[in-house]
Amino acid sequence: MKRLVILAPNWLGDAVMALPAIADVRRAAPDAAITVAARPAVAPLFRLVEDVNDTIVLSKPAAFHDIGRWRALGAELAGGEFDTALLFPNSMHAALVVSRAAIPERWGYRTAWRGNLLTRAIRRSSGLHQVESYRQLVRALGFQNGPIEPRVHVPHDARDAAARLLMEDGWDGHTPLVALAPGAAYGGAKRWPPAYFAELASALAADGVSCVMVGSAADAATAEEIARTVGRAFPARRDVGGAERAAPHGGGLHNLVGRTDLPALAGIMTHCRALVTNDSGAMHLGAAAGVSVTAVFGPTDETVTRPLGDAHAVLTHPVWCRPCMLRDCPLDHQCMRGIGVERVAHAARQML
């Protein structure tokens, strides 16, 4: 194995959880050229992974009726002279990509009726944490497992750029920061209510702690709702000359949602003492960057996707219907609403 291409998972959280398995491969093959092929939203993550030599950005999967795209399937990898492909996605599409690229060795789990397209097809076990599932795959392929916790390397330029962005938004460089990640890609059921995040930010502001909201542009509406609620709790004041001044602690909130790419987001995390988050990609990125995480889990299964390590707290509320894995709650969303603000604030303060 001299030139290996790894097809990355399609979601940020899953891609972070695959990092220990990538590290296992790198330790076993220190001289191999390792390229990661990933979707545009995930590819920047691998700029923070020292075990990876290069990245290829893949286009979106072809629509069923797009004959031209199907004919071009695998073209992005065909010129890379790869001798081996390792597939972390379990889809038939991933197997077709490497098969059409004519990569001689194609390794992955035997799922989705794709076994005949793989040269080494491994039977997949169920009930594992996602990190362990990826590690089991590479172990079955002959790579010895090492440390289980995902890690990213945040370079100094990303840390410095993050500090500048925070200061442009009013951070003084000294007030303790807690990151809030109020979004989640897989539907609204995974999101702790915005009003709860606002109450948490206000409680931490009263402690002299500022919060910084992070996330993608898709989370902007949620972040604006939180900011408006906090703004009502901490209205701006006017001095004797009539000039408007921010309330103490600036309302305790900075909104950087939609203003960072993945390296910048990881840089923001390095300036924070804790992260409060839903089950999301930001949760896994923060943990991999070394931040203590308080994670709120509702419809998803914390035994499969929780952040690994002793530095993190996972909060749930016992209701009969969880984990349901639904995008939207058809009932009263009690799995999330039942996790009170004071409980989350206590956990976050413990992280501080």
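All figures in this text were calculated on a predicted structure; none of them were measured in a lab.

**Quick word on the sheet that holds strand β8 (residues 210–213)**
Across a sheet, strands are paired by hydrogen bonds formed along the backbone, either parallel or antiparallel in direction. Read from one edge of the open sheet, six strands run β11-β8-β7-β12-β13-β14, paired in parallel fashion. With one partner strand each, in any of the chains shown, β11 (253–255) and β14 (313–315) form the two edges of the open sheet. Here the strands of the sheet are splayed against their neighbours by 20 degrees on average, with no regard to which way each runs. In this structure, strand β7 (residues 177–181) lies alongside β8, joined through four bridges in parallel fashion. The residue bridging L177 from the neighbouring strand is S210, located in β8. Here helix α8 (residues 194–206) sits on the sheet and contacts β7, β8, β11 and β12 (274–278); the angle it forms with β7, its principal contact strand, is near 180 degrees.

**A word on the packing of aromatic side chains**
Under the criterion given, the structure shown has four aromatic pairs. The ring of W107 carries the charged tip of R120 above its face, separated from the ring centre by 5.2 Å. The cationic tip of R124 hangs over the ring face of Y109; the distance from NZ or CZ to the ring centre is 6.0 Å.

**Here's the deal with the sheet that holds strand β3 (residues 54–57)**
Read across the sheet, six strands follow the order β3-β2-β1-β4-β5-β6 without closing on themselves; strand pairing throughout is parallel. Edge strands, defined here as strands with exactly one partner in the open sheet, are β3 and β6 (120–122). Here the strands of the sheet are splayed against their neighbours by 20 degrees on average, with no regard to which way each runs. With three bridges connecting them, strand β5 (residues 105–109) and β6 associate as parallel partners. The partner of W107 across the bridge, within β6, is R120.

Calculation criteria
- Residues numbered from 1 in each chain as written.
- Predicted model: local features only at pLDDT ≥ 70, side-chain atom pairs only at ≥ 80, totals over all residues.
- Heavy atoms only, no water.
- Pairing = 2+ DSSP bridges.
- Helix = DSSP H or I, 4+ residues; strand = E, 2+ residues; numbered from the N terminus.
- Axes fitted to C-alpha atoms, helices over the stretch in contact; angles between N-to-C directions.
- Contact = heavy atoms within 4.5 Å.
- Phe/Tyr/Trp six-rings, centres within 6.5 Å; stacked < 30°, edge-to-face > 60°.
- Lys NZ or Arg CZ within 6 Å of the ring centre and 35° of its normal.

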